[in-house]
Amino acid sequence: SGYLLEPALTAGFIAVGMDVVLLGPMPTPAVGMLTRSLRGDLGVMISASHNPFADNGIKLFGPDGYKPSDEEELAIEARMDDLASVDLAPPDGLGHARRLDDAMGRYIEFVKATFPRHLRLDGLKIVVDCAHGAAYRAAPRILYELGAEIVTLGVAPDGFNINKGCGAVAPDIMQQTVLAEGADFGLALDGDADRVVLSCEKGRLIDGDQVLALIADYWKKVGRLSGNGVVATVMSNLGLEHYLGERGIDLLRTPVGDRYVVERMREGGYNVGGEQSGHIVLSDHSTTGDGLIAALQVLAVLVEEGHPASEVTRCFEPLPQRLRNLRYDGGAPLEDPRVQQIVEDERANLGAHGRIVIRPSGTEPVIRVMVEAERDEMIERAMDSICGAIAGAAE
């Protein structure tokens, strides 16, 4: 559907007098970077992100390379609902479109420059799964040019197979290939490459929380950590908070969504943030999550330390965590006083030994309940109590 949406958007921009620069298939963070680099007024990414091909959407970037705020997006949507207000350009004021032939090369050199100049990946065998997505050319080239021996997966997009049984949403094949190939490291990107899931040489996954812990700890040691803090969401494991706290690093939490992470980072001057799911934002380098840049920062620590990934990347033991989705037919169960009281009671019972996060879905009638604690029985007790109360209120 990208080949339908791209010319439609191009025609619309030209019709109102805007010039268009066409980049071709590119990772989402590349669009943010190039919008700023080319002095564009707007960046547009057509992408299914981590979803099936039919779920293509549009991500926008402002002239500073950052995603627009909620208020700005709502203003754009309001304009779209009022097409009579669109001011079309006269024939002599129409915009022009051109293709940027070296767009991929610009991004590749940009990402390579984020890797410490005195380091190389020589001697490392790395499995890279590109999810048949936007980084299918860039990721292998970057790792190869930095010296690694690479084994590629998900590098044959056909327009329909993006994220299909591969990439960050399905890293099993990447993990199995790491073991089968005797590789030192594995990385699986999602379709638009703003998210990454990593694997050590033993085929064990390294989630976003471990990546945040590793980078924050190392950057503090070398004097690069801004604000002495890390920004994560309410879903990040309590083990991450404890690990950072022991090292004198603050953890600031936001609602779920990389946009909220970036906003908090900009407000407080922090340069490390991200989500447990693998969206890692390193604002010294990028305005949004970039899976390749995050993976390179982890690889830099591996090379510096000279130890296997299984030793370097297991920074802390995560606390047990359970997530349950409760569907309801109507009403507002979370506003029920009895539900609110039980939630307060269970939070008090857990104290500093656990956390409870309850949030309604923004797209469907589902309430998501997450409980984590030091012991499984503590989780089950709190989960059963809260979910039972919500289910009763929803009847």
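Residues numbered from 1 in each chain as written. Predicted model: local features only at pLDDT ≥ 70, side-chain atom pairs only at ≥ 80, totals over all residues. Heavy atoms only, no water.

Peer 1: Can you help me understand the environment of alanine 352 in this one?
Peer 2: With respect to the helices and strands, alanine 352 occurs in the loop between helix H12 (337-350) and strand E15 (354-360). Look at alanine 352 and you get exposed, because its relative accessible area is 59%. Look past the residues within four positions of alanine 352 in its chain and what remains in contact with it is Leu238 and His242. (Helix = DSSP H or I, 4+ residues; strand = E, 2+ residues; numbered from the N terminus. Buried < 20%, exposed > 50% of the residue type's maximum accessible area, 1.4 Å probe, protein only. Contact = heavy atoms within 4.5 Å.)

Peer 1: What's the story with the packing of helix H4 (residues 103-112) against helix H10 (residues 291-305) in this structure? I'm lost.
Peer 2: In a pair of packed helices, the angle between the axes and the distance between the axes together describe the arrangement. Contact pair H4 / H10: the axes reach a minimum separation of 10 Å and the direction vectors enclose 30°. Viewed along their axes, H4 and H10 adopt a mutual orientation that is roughly parallel. Classified by chirality, the crossing of H10 by H4 is right-handed. Touching Tyr107, Phe110 and Val111 of H4 are Leu292, Ile293 and Leu296, all from H10. (Axes fitted to C-alpha atoms, helices over the stretch in contact; angles between N-to-C directions. Parallel < 35°, antiparallel > 145°, perpendicular 65-115°, else oblique. Left-handed = near helix turned anticlockwise from the far one by under 90°.)

Peer 1: I'm lost on H12 in this one. Help?
Peer 2: An α-helical segment advances 3.6 residues per turn. Residues three or four places apart therefore align on the same side. For H12, with 14 residues, the first-to-last C-alpha span of 20 Å sits near the 20 Å given by 1.5 Å per residue. Among all positions in H12, only Val339, Ile342, Val343, Glu346 and Leu350 are buried. Projection of H12 onto a plane perpendicular to its axis shows the buried side chains occupying an angular sector of 100°, all on one side. The exposed residues of H12 that point more than 90 degrees off its buried face are Pro337, Glu344 and Ala348. Among the structural elements, E15, strand E16 (366-373) and helix H13 (376-394) are those in contact with the buried residues of H12. Regarding H12, its N-cap is aspartate 336, as a side-chain oxygen of that residue lies 2.8 Å from the backbone nitrogen of arginine 338 further along. (Expected span 1.5 Å × (residues − 1). Arc of directions from axis to C-beta. Polar contact = N/O pair within 3.5 Å; in protein donor to acceptor, adjacent residues only side chain to side chain.)

Peer 1: Explain the sheet that holds E15 here, please?
Peer 2: Strands pair in a sheet through their backbones, by hydrogen bonds, and they do so in one of two ways: parallel or antiparallel. Taken together, 3 strands build an open sheet; the order of strands is E14-E16-E15 and the sheet is antiparallel. Every interior strand has two partners, whereas the edge strands, strand E14 (321-327) and E15, have only one. Going from strand to strand, the sheet's axes swing by 15° on average, the running direction of each strand aside. Bridge count between E14 and E16: 7 bridges; the pairing is antiparallel. Following the sheet pairing, arginine 324 is matched in E16 by valine 369. (Pairing = 2+ DSSP bridges.)

Peer 1: Sorry, what's going on with the environment of leucine 146 here?
Peer 2: Structurally, leucine 146 can be placed in the loop between helix H5 (138-145) and strand E6 (149-153). Through-space distance from the C-alpha of leucine 146 to that of glycine 362 is 42 Å; in sequence the pair is 216 residues apart. Look past the residues within four positions of leucine 146 in its chain and what remains in contact with it is Lys112, Phe115, Arg120, Leu121, Asp122 and Leu296.

Peer 1: Whenever I open this one, the packing of helix H2 (residues 28-37) against H4 confuses me. Can you help?
Peer 2: At a minimum axis distance of 10 Å, the contact between H2 and H4 shows a crossing angle of 100°. The orientation of H2 with respect to H4, classified from their angle, is roughly perpendicular. Residue-level inspection shows Pro29, Ala30, Met33, Leu34 and Ser37 of H2 in contact with H4, the latter providing Ala103, Arg106, Tyr107 and Phe110. Of the residues in the contact of H2 with H4, the class split is 7 nonpolar, 1 polar and 1 charged. (Nonpolar A, V, L, I, M, F, W, Y, C, P; charged D, E, K, R; others polar.)

Peer 1: Can you walk me through the sheet that holds strand E5 (residues 125-129) in this structure?
Peer 2: Spatially, 5 strands are ordered E6-E5-E7-E8-E9 in an open sheet, and the strand pairing comes out mixed. The open sheet has two free edges, formed respectively by E6 and strand E9 (205-206), since each of these has just one partner strand. Relative to E6, E5 is paired through 5 bridges, and the arrangement is parallel. Looking across to E6, one finds that isoleucine 126 is bridged to isoleucine 150.

Peer 1: Help me understand a nonpolar patch on the surface in this model?
Peer 2: Taken together, the side chains of Val16, Met18, Leu42, Leu83, Val86 and Leu88 make up a nonpolar region of the molecular surface, amounting to roughly 500 Å² of accessible area. Mapped onto the elements, valine 16 comes out in the loop between helix H1 (2-15) and strand E1 (20-22). (Patch = residues over 30% accessible without salt bridge, like charges linked within 9 Å, V, L, I, M, F, W, Y side chains within 5 Å. Areas by Shrake-Rupley, 256 points an atom, 1.4 Å probe, with all protein chains shown as cover. Salt bridge = Lys/Arg side-chain N within 4 Å of Asp/Glu carboxyl O.)

Peer 1: Honestly, helix H8 (residues 238-246) in this entry has me stumped. Any pointers?
Peer 2: Residues of H8 that are buried: Leu238, Gly239, Leu240, Tyr243 and Leu244. Here H8 starts with a cap whose side-chain oxygen sits 2.7 Å from the backbone nitrogen of glycine 239, and that cap is asparagine 237. Glycine 248 sits one or two positions beyond H8 and adopts a positive phi of about 75°.

Peer 1: Sorry if this is basic, but what is going on with the pairing of strand E8 (residues 196-199) here?
Peer 2: Moving residue by residue along a regular strand, the side chains alternate between the two faces of the sheet. Side chains of E8 alternate between two faces, with Val196 and Leu198 and Val197 and Ser199 buried alike. Judged from the 4 bridges that link them, strand E7 (residues 185-189) and E8 form a sheet pairing that is antiparallel. Bridged to glycine 186 within E8 is serine 199. In this antiparallel pair of consecutive strands, E7 and E8, the connection spans 6 residues, and alanine 193 shows a positive phi of 65°.

Peer 1: Just checking my understanding: could you explain the side chain of aspartate 258 for this structure?
Peer 2: Along the chain, aspartate 258 turns up in helix H9 (residues 258-268). When its relative accessible area of 14% is taken as the criterion, aspartate 258 is described as buried.

Peer 1: Can you help me understand the pattern of salt bridges in this one?
Peer 2: Close approach of charged atoms allows side chains of opposite charge to pair. Applying the stated rule across the entire model yields 26 salt bridges. The partner of glutamate 380 in a salt bridge is arginine 324, and the shortest N-O contact between them spans 4.0 Å. Highlighted residues: glutamate 380 in helix H13 and arginine 324 in strand E14, separated in sequence by 56 residues. Linking aspartate 384 and arginine 324 is a salt bridge whose minimum nitrogen-to-oxygen distance equals 3.6 Å.

Peer 1: Help me understand the state of the cysteines in this model?
Peer 2: Covalent bonding between the sulfur atoms of two cysteines is what defines a disulfide. Tallied over the full model, the rule gives 0 disulfides. Cysteine 200 carries a free sulfur, and the closest cysteine sulfur to it, the one in cysteine 315, is 12 Å from it. We classify cysteine 200 as buried; its relative accessible area is 2%. (Disulfide = S-S within 2.5 Å.)

From the geometry alone we can't say anything about function, so treat these as descriptive.
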